[in-house]
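# Overview (structure and organization)
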Amino acid sequence: MSQTDVRLDGSAEVRTEREATPGSAGHRRERPAAPRPSADSYYGRPVLNEPTWQAADIAGYLFLGGLAGASSTLAAAAELTGRPHLARVAKVGALGALGGSLYALIHDLGRPDRFVNMLRVFKVTSPMSVGTWILTAYGPQAGCAAAADVSGLAPRLGRAATLGAGLAGPAVATYTAALICDTAVPAWHEGFREMPFLFAGSATAAAGGLGMLAAPLAEAGPARRAALLGAAVECVAATRMERRLGPLAEPLKRSSLLRVGEALSLLGALAGITAGRRSRIAAMAAGAALLAGSACTRFGIFRAGMESANDPKYTVQPQRRRLAKAQAEADLT
Amino acid sequence: MKRQVIEYLPFLGIVIVIVTTSWLAGRSLPQVRASATRQGRRGSACARRGSRVRTPRRACCPS
Amino acid sequence: MAFDMDEKPAEGRVGFFTDTSICIGCKACEVACKEWNAVPEDGLTFTGWSYDNTVGLGADTWRHVAFVEQRRPLGHQEPGVGDMDFRWLMASDVCKHCTHAACLDVCPTGSLFRTEYGTVVVQEDVCNGCGYCVPACPFGVIGKRESSGTAAKCTMCYDRLGAGQEPACATTCPTDSIQFGDLEELRERAARRLEQVHAAGMSSARLYGHDSGDGVGGTGAFFLLLDEPEVYGLPPDPVVTTRDLPSMWRHVGLAALGLLAGVAATAWRAGPPGGRGRS
């Protein structure tokens, strides 16, 4: 602030105008003016263009797709081991999550009317193309499984669809890791070794949470154990990823969403396996915590990736280090 | 801020719909006996075969 | 590997050689590009970044002239601003038309394709605006256009090439800083020019994107830069993201099997009567 200390109220400690020393009051303000070109970026501007994906749609889809896929697998497991309530809950949940996924995916397109253009080609180089075909194979089966179960019609077809969806489910839940890792976004791309396991864990925890929330206690055993397993895998994968990425992990470590997600998942899983065995209320609370935890984790990963794309240092510095390492190796030989 | 919240409303709505329909679906089948856990192996084995042996009683099921 | 890698760019691949050492920052390339390709207005803003107004490449900016002011001498030149060393680096950036193009690899509709000239072009009538190409590009070139909802980037004036003409930017460039031609020939020309610039005392000059052994297999549009690439907003060692995709798919497969086995195990333990688990 560059105002003088001279005031109308003439309070004692204020200097008179005559004694005022030019430039003595305040200090130079922070200039909001253009950043100077620094040594390792162009005016601090990101090297990459920011992903145009909306968090509510795409991070939301990461969560919903995971929930759908893992729920279908849980439904198949429940059906095969004679747990009809858990099976029905998971099938209906999977169908709902699938519907939500499709809404989010289509809503995020710049031209939603051209959604079917995805079906023009099959490209293994494009996880989005592969994912489209996975969803195309999985969707009708998940729908058929839920419809047959609820309506009671065509039990054999329903059973076949349940098993089919159960087998396709893991692909639905994990391909999304390749989807975001197959980009130039530093925090996503470099985390590609752990991301599929993180997503698989998070999806399993969410599906377990939904099972605990909606299925009766007597049948929710697999849901409780799946939630515990999923939450544990998710946390281990996240920790390993943060350790391996080094400086690139900063946006992940800074993310409060990720911390909240981990805490909710672990708390939910532990509460589920203890109090959730006896009390329906506790099971529901634990299930809700698991669902919220999984969602927080996905949104946290999404945000951290955006942050790493928007800061040129996360793009430039790892590449510099890579060049320096290659140079050093070349010098040695 | 307000706009941000609005952007997330469809997502929240979807999640709430999923949970509710799923919960209702679980209630639409005749309930198993929740006390099966404490009744030991025979009880729970029966409950697990619930697809065939439907237990019509709801009385002892909490919530 | 990039899956696009086996596809050898056709004979007669064309490209740009942008020699930034003779760029005068007139922005005629930006204007010509906009005029010819009917690219929408991209913001008339004062950035305060020297003379830069267009900030960076995107859906509505296919040529971008960067202006970098440095307190360093330019070769043996006397800057004429008192005792201060000063140099002004200007560079016209453009889509690199990579040999291994990540945007093309990840496009789920096949809207992005490689032309008979070895360039990479978006088919606007096929693109559904999924936006996957935007974070896939390691150079931050392609963007999603607000007005049409589809991806857009430099086409190297595909329509002009078909008519035997040079791209608009290269045609208009008054100093021939932007040179268009057969890629092999441009590379030879660039190597000669680099020697010349080095001999003139610009030891920091280097070529960027000319090496077919780099992470994107060399670029169709390459540059002679006078400083580190990141100074111009270019990544120092870009790698096509799909190079790691086979490994990603393996990890995904493993995780999917793990999920299946894990969920099966949680149900199995309590499954058959007489099992030791409790439910």
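Just so it is clear, the structure is predicted and the values come from calculations on it, not from any experiment. (Residues numbered from 1 in each chain as written. Chains lettered and ligands numbered in written order. Predicted model: local features only at pLDDT ≥ 70, side-chain atom pairs only at ≥ 80, totals over all residues. Heavy atoms only, no water.)

### Notes on the overall build of chain A
If you tally the helices and strands in chain A, you get 11 helices and zero strands. A total of 333 residues make up chain A; the buried ones form 58% of that total. Considering only contacts in chain A between residues 6 or more positions apart, those separated by 24 or more positions represent 75%. For chain A, the accessible surface area stands at approximately 13,600 Å², while carbon and sulfur atoms represent 62% of it. (Helix = DSSP H or I, 4+ residues; strand = E, 2+ residues; numbered from the N terminus. Buried < 20%, exposed > 50% of the residue type's maximum accessible area, 1.4 Å probe, protein only. Contact = heavy atoms within 4.5 Å. Areas by Shrake-Rupley, 256 points an atom, 1.4 Å probe, with all protein chains shown as cover.)

### A short note on the overall build of chain C
Within chain C, the regular secondary structure consists of seven helices and 10 strands. Across the 279 residues that make up chain C, the buried fraction comes to 61%. Restricting to contacts in chain C with at least 6 residues of sequence separation, those with at least 24 account for 62%. Summed over its atoms, the accessible surface of chain C is roughly 11,200 Å², and 54% of this surface lies on carbon and sulfur atoms.

### With respect to the pattern of salt bridges
Residues and elements named next belong to chain A. Counting across every chain of the model gives 22 salt bridges over all chains. A salt bridge links E79 to K91; the shortest N-O distance between them is 2.6 Å. Here the residue E79 occupies a position in helix 1 (residues 55-80), and K91 occupies one in helix 2 (residues 84-108), the gap between them amounting to 12 residues. The residues E79 and K91 share a single accessibility class, namely buried. Across the salt bridge formed by D113 and R111, the nearest N and O atoms sit 3.7 Å from each other. Among the residues examined, D113 registers a relative accessible area of 55% and is labelled exposed. The class for R111 is partly exposed, based on a relative accessible area of 24%. Among the charged side chains, a salt-bridge network with shared partners connects E79, R88, K91, D149 and R159. (Salt bridge = Lys/Arg side-chain N within 4 Å of Asp/Glu carboxyl O.)

### So, the UniProt feature "binding site: [4Fe-4S] cluster 3" (unreviewed entry) in chain C
All names here are of chain C. Feature annotation in UniProt assigns "binding site: [4Fe-4S] cluster 3" (unreviewed entry) to the following positions: C95, C98, C103 and C137. Of the residues just listed, which span 43 residues, no C-alpha pair is farther apart than 11.1 Å, and they cluster in one region. By the secondary structure assignment, C95 is in the loop between strand 3 (87-94) and helix 2 (102-106). In this structure C95 touches L57, W62, V141, K153, C154 and A221, once residues within four positions along its chain are discounted. Inspection of the secondary structure assignment puts C137 in the loop between helix 3 (133-136) and strand 6 (143-144). (UniProt positions renumbered as here; feature names shortened; annotations may be inferred.)

### Focus on the packing of helix 6 (residues 195-214) of chain A against helix 7 (residues 245-268) of chain C
Taken N-terminus to C-terminus, the directions of helix 6 of chain A and helix 7 of chain C make an angle of 25°; their axes are 8 Å apart at the nearest point. Judged on the interaxial angle alone, helix 7 of chain C and helix 6 of chain A are roughly parallel. In this structure, helix 6 of chain A meets helix 7 of chain C at a crossing whose hand is right-handed. Contact with helix 6 of chain A, carried on its side by P196, F197, A200 and T204 of chain A, involves H251, V252, L254, A255, L259 and V263 of chain C of helix 7 of chain C and no other residues of that element. (Axes fitted to C-alpha atoms, helices over the stretch in contact; angles between N-to-C directions. Parallel < 35°, antiparallel > 145°, perpendicular 65-115°, else oblique. Left-handed = near helix turned anticlockwise from the far one by under 90°.)

### Structural notes on the interface of chain C and chain A
Listed per partner, the contact involves 83 residues of chain C and 74 residues of chain A. Of the roughly 6,200 Å² buried between chain C and chain A on both sides combined, carbon and sulfur atoms contribute 62%. It is Y132, W249 and L259 of chain C in chain C that bury the most area against chain A; as a group they hold 11% of the surface buried on that side. Taken together, chain C and chain A are joined by three salt bridges. (Buried area = accessible area lost by both parts, 1.4 Å probe.)

### A short note on a nonpolar patch on the surface
A grouping of V116, L119, F122, V124 and W133 of chain A is seen on the molecular surface, where their side chains present a nonpolar patch of about 450 Å² in accessible area. Tracing the sequence through the fold places W133 of chain A in helix 3 (residues 127-151). (Patch = residues over 30% accessible without salt bridge, like charges linked within 9 Å, V, L, I, M, F, W, Y side chains within 5 Å.)

### Examining empty space enclosed by the protein
On inspection of all chains with the given rule, the structure shows 10 cavities of 30 Å³ or more. As a volume, the largest cavity reaches approximately 130 Å³. R45 of chain A together with G56, D93, Y232 and G233 of chain C are, among the 14 residues lining the largest cavity, the residues nearest its centre. (1 Å grid on protein atoms, 1.4 Å probe; cavity = no way out; pocket = protein on both sides within 12 Å on 5 of 7 lines; lining within 4 Å. Points joined across faces, edges and corners; volume = space filled by probe spheres on them.)

### With respect to helix 7 (residues 221-245) of chain A
Compared with the 36 Å implied by 1.5 Å per residue over 25 residues, the 36 Å span of helix 7 of chain A between its first and last C-alpha is a close match. Within two residues after helix 7 of chain A, G246 of chain A carries a phi angle of roughly 60°, on the positive side. (Expected span 1.5 Å × (residues − 1).)

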